[in-house]
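Coordinates in review
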Amino acid sequence: MEYPMSQEKNELKPAEAEVNYNVVNLKWLRRQNLPYVLIWILYYAWIIAFATWWTASPLTENVFSTQLRELMHSITLVSSAAFVFIIRKEWFVKTARIGAVLIIIGMSVFFTVPNANVQTLSAVISSIAMGCVNISILIPYVFLLNNTEKLYAVVGSNLLIQLLSLFLELNTQRSIEWVLSAVILAVSLGTIAFFRKNDIVEYIHVPKPDQPHFQRRIYLSLLFNCAVAILCKGVGKGILNVVAETVGASVLTWYYIGGLAGCLLYVLIYTFTRKAYIWLGNMTFASVAISFMLNAFLDHIPGLTVPFAALLGLGSTMGMINMYYILGVIGKKYDSMRYVRLYILFIGLFGGGSGIAVGTLISMGGTLELSVFASIFSVVVMIAFMFISPIMERAEYVNVWGLDSQQAEVDNEQLHAFQKYRLSRREIQVCKLLLQGYTMRQISGILSIAYPTVNTYCTSIYRKTKINSRTELLQVFKDYINN
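Residues numbered from 1 in each chain as written. Predicted model: local features only at pLDDT ≥ 70, side-chain atom pairs only at ≥ 80, totals over all residues. Heavy atoms only, no water.

Per the secondary structure count, the protein chain includes 21 helices and 0 strands. For the protein chain, the proportion of its 483 residues judged to be buried stands at 55%. Residue pairs at least 24 apart in sequence account for 82% of intrachain contacts in the protein chain once pairs closer than 6 positions are excluded. As presented, the protein chain carries roughly 20,200 Å² of accessible surface, and 65% of it is formed by carbon and sulfur atoms. (Helix = DSSP H or I, 4+ residues; strand = E, 2+ residues; numbered from the N terminus. Buried < 20%, exposed > 50% of the residue type's maximum accessible area, 1.4 Å probe, protein only. Contact = heavy atoms within 4.5 Å. Areas by Shrake-Rupley, 256 points an atom, 1.4 Å probe, with all protein chains shown as cover.)

This is how it looks when you write it as structure tokens:
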């Protein structure tokens with residue numbers, strides 16, 4: 001069947017397409033994926049800001065006490081590690097809704113029943129459900145969102161975390177904190193109503209003939225990010241607590257201001273540098289290492305408190321953003337649920353659990369001498385990782401997937417060849433099958449969509465690429481075919 005040529009004037013030139021394909025370009029955000037981006041920003045921010053030990057203040061009690069936060073955080077990590085081995089991709093809508101209902105019930109009981117034992121039980125049940133929701137929203141984050149959507153989801157959530165943490169530290173009215181917590185949680189869980197099972201079903205059944213081979217060296221990212229979790233959010237948080245109890249709340253304020261700067265710097269690095277992942281890894285370890293070294297001199301030079309806190313906040317925030325962003329990039333590039341499971345098990349349970357244990361031990365020790373010793377030890381470990389970084393680069397650790405992190409989408413199948421014509425996700429699927437020689441009726445069966453719908457997609461493809469026949473289509477995408 002022949003299709004008429006389009007006379008559209010707004011097609012991108014190839015050079016412009018390459019420039020606009022940069023991951024930070026907001027044009028690559030897609031309306032249909034906004035629920036998955038929004039819940040990641042709001043729900044993840046709520047979890048970290050209100051219900052984890054990582055942001056528990058040693059100076060004030062917020063919605064949950066520090067001890068309860070430790071319990072909830074630990075249970076959520078274990079629950080997430082368990083559910084990631086149970087939940088299948090196509091279940092994510094159902095499990096997200098079940099988990100959301102249990103969280104709402106548990107938190108409602110917690111806020112309305114004053115009995116301490118009942119509150120603890122409801123917090124435990126809610127934490128188990130949080131692990132279920134964590135994995136349910138992780139699936140569309142990894143396998144549906146493009147890299148631009150992933151980047152702004154994790155940067156947006158960490159930006160909100162810093163703002164919420166600043167508010168909780170400066171606010172003196174606990175009733176307002178409870179209302180704010182309830183509103184953010186309700187809005188974030190409400191977005192689950194817009195989740196669509198067909199999104200992931202379509203992804204699962206689309207042929208992926210060019211899926212790259214998963215190299216074992218990619219597992220080095222687990223070791224790298226486990227170190228980030230333990231050193232930045234474990235040792236770093238423990239040292240921060242000791243300093244805050246000695247110096248005062250200003251330390252925490254500068255820590256969160258540093259975190260805000262980390263969010264901005266992360267986007268700027270991906271905007272203006274190549275091999276951004278290497279830059280960000282080195283800057284994360286460098287800023288936290290310098291912060292730890294400054295901590296060793298705080299007793300003698302109090303003026304170092306501000307750069308200590310700001311650098312620790314900057315490095316910790318960039319490390320956490322990078323941790324989740326790279327998980328999304330690698331998971332989708334290799335279409336590997338196994339990698340996602342090992343990542344959550346290794347980083348969440350081992351890294352997060354060890355971080356909480358070490359950080360709590362330092363906080364309970366409560367002496368500058370202990371924190372100085374922890375600083376020196378951590379600096380040695382961080383310097384070792386900084387030396388390892390160029391070795392990983394020479395081993396083509398980054399070249400496998402690192403360059404993809406700087407594009408709007410992973411490039412397993414030269415997706416930029418399709419994106420420069422502004423083809424939709426479904427149009428790309430149909431176009432690939434056309435290029436593989438399938439008829440429209442065969443494509444209808446493969447994608448489980450009606451024949452007239454396939455015909456509509458083909459018409460749109462021909463119009464956007466300004467061609468009239470399949471022969472011309474083969475010519476337009478000859479580089480994709482020959483690769």
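Let's shift gears to the environment of Phe-83. Along the polypeptide, Phe-83 turns up in helix α3 (residues 66–83). If near-sequence neighbours (up to four positions away) are discounted, Phe-83 is found in contact with Ile-128, Gly-131, Cys-132 and Ile-135.

Before going further, it helps to examine the side chain of Ser-136. Note on placement: Ser-136 falls in helix α5 (residues 116–143). The exposure class assigned to Ser-136 is buried, which follows from its relative accessible area of 0%. Polar side-chain contacts of Ser-136 include one of 2.8 Å to the backbone oxygen of Cys-132. With residues up to four places along the chain from it excluded, the contact list for Ser-136 reads Ile-87, Phe-92, Thr-95 and Ala-96. (Polar contact = N/O pair within 3.5 Å; in protein donor to acceptor, adjacent residues only side chain to side chain.)

All told, the structure shown has 6 salt bridges when counted by the stated rule. A salt bridge links Glu-90 to Arg-88; its shortest N-O distance comes to 2.8 Å. Taking relative accessible area as the criterion, Glu-90 reaches 24% and is therefore assigned partly exposed. For Glu-427, the salt bridge is made with Lys-464, and the minimal N-O distance between the two is 3.0 Å. Taken as a pair, Glu-427 in helix α17 (residues 425–435) and Lys-464 in helix α19 (residues 451–465) lie far apart in primary sequence, 37 residues in all. Since its relative accessible area comes to 6%, Glu-427 is described here as buried. A relative accessible area of 15% means that Lys-464 is categorised as buried. (Salt bridge = Lys/Arg side-chain N within 4 Å of Asp/Glu carboxyl O.)

Before going further, it helps to spend a moment on α3. For α3, which comprises 18 residues, the first-to-last C-alpha distance of 25 Å matches the rise-based estimate of 26 Å (1.5 Å per residue) to within 8%. Within α3 the residues assigned to the buried category are Thr-66, Leu-68, Arg-69, Met-72, His-73, Ile-75, Thr-76, Leu-77, Ser-79, Ser-80 and Ala-81. (Expected span 1.5 Å × (residues − 1).)

This model, assessed by the stated rule, comprises 21 aromatic pairs. Ring centres of Tyr-36 and Phe-92 lie 6.1 Å apart, and the angle between their planes is 55°; this geometry places the pair in the tilted category. One end of the pair, Tyr-36, is in helix α2 (residues 34–51); the other, Phe-92, is in helix α4 (residues 92–112), and 56 residues separate them in sequence. An identical accessibility class is assigned to Tyr-36 and Phe-92; each is buried. Between the aromatic rings of Phe-92 and Phe-195, the centroid separation amounts to 5.8 Å while the plane-to-plane angle is 40°, which identifies the pairing as tilted. Highlighted residues: Phe-92 in helix α4 and Phe-195 in the loop between α7 (174–190) and α8 (197–205), separated in sequence by 103 residues. (Phe/Tyr/Trp six-rings, centres within 6.5 Å; stacked < 30°, edge-to-face > 60°.)

Okay, the packing of α2 against helix α6 (residues 147–170) next. Viewed as axis vectors pointing N to C, α2 and α6 meet at an angle of 35°, and their least axial separation amounts to 8 Å. Like other packed secondary-structure pairs, α2 and α6 cross with a definite hand, here right-handed. Along its contact with α2, which presents Val-37, Trp-40, Ile-41, Leu-42, Tyr-44, Ala-45, Ile-48, Ala-49 and Phe-50, the element α6 presents Glu-149, Tyr-152, Ala-153, Val-154, Gly-156, Ser-157, Asn-158, Leu-160, Ile-161, Leu-164, Ser-165 and Leu-168. (Axes fitted to C-alpha atoms, helices over the stretch in contact; angles between N-to-C directions. Left-handed = near helix turned anticlockwise from the far one by under 90°.)

Formed by 121 residues in total, the largest nonpolar core has its most connected members in Tyr-43, Trp-46, Tyr-141, Tyr-270, Phe-308 and Tyr-325. When neighbours within four sequence positions are excluded, Tyr-270 is seen to be in contact with Asn-22, Val-23, Val-24, Leu-151, Ala-276, Tyr-277, Leu-280, Asn-322, Tyr-325, Ile-326, Ser-405 and Gln-406. In terms of nonpolar packing, the next biggest core, distinct from the first, is built from 20 residues, Phe-418, Leu-435, Ile-449 and Leu-473 among them. (Core = buried A, V, L, I, M, F, W, Y, C linked by side-chain atoms within 4.5 Å.)

Before going further, it helps to spend a moment on a nonpolar patch on the surface. A cluster of nonpolar side chains, namely Ile-98, Val-101, Leu-102 and Ile-105, defines an oily patch on the protein surface of about 350 Å² accessible area. Looking at where Val-101 falls in the secondary structure, it is placed in helix α4. On the accessibility criterion, Val-101 (46% relative accessible area) is partly exposed. (Patch = residues over 30% accessible without salt bridge, like charges linked within 9 Å, V, L, I, M, F, W, Y side chains within 5 Å.)

Attention shifts here to the packing of α4 against α7. Following both chains from N to C, one finds α4 and α7 inclined at 165°, their axes separated by 11 Å at the closest point. Judged by the inter-axis angle, α4 sits roughly antiparallel to α7. Note on packing geometry: the crossing formed by α4 with α7 is left-handed. Between α4 and α7, the contacting residues are Ala-100, Ile-103, Ile-104, Met-107 and Phe-111 on the first element and Trp-178, Ser-181, Leu-185 and Leu-189 on the second. (Parallel < 35°, antiparallel > 145°, perpendicular 65-115°, else oblique.)

Located in the positive-phi region is Asp-335, a residue other than glycine, with phi close to 50°. Mapped onto the secondary structure, Asp-335 falls in the loop between α12 (305–333) and α13 (337–365).

What follows deals with the confidence of the model for the protein chain. Fine structural detail should not be taken from predicted coordinates in areas where pLDDT scores are low. In the predicted model, the protein chain carries a mean pLDDT of 84, and the fraction of residues at 70 or more is 84%. Considering only residues more than four positions removed or in separate chains, one finds that residues 1–20, a stretch of pLDDT under 50, has 37 contacts. (pLDDT = per-residue confidence, 0-100.)

Tracing the backbone shows Ile-257 in helix α10 (residues 250–272). For Ile-257, a relative accessible area of 34% corresponds to the partly exposed category. Considered as a pair, Ile-257 and Gln-162 are 95 residues apart in the sequence and their alpha carbons are 7.3 Å apart.

It is worth spelling out the side chain of Asp-199 at this point. Within the secondary structure, Asp-199 is located in helix α8. Polar contacts involving the side chain of Asp-199 include one to the side chain of Tyr-36, which spans 2.9 Å. Leave out the neighbours within four places in its chain, and Asp-199 touches Tyr-36, Leu-144 and Arg-425.

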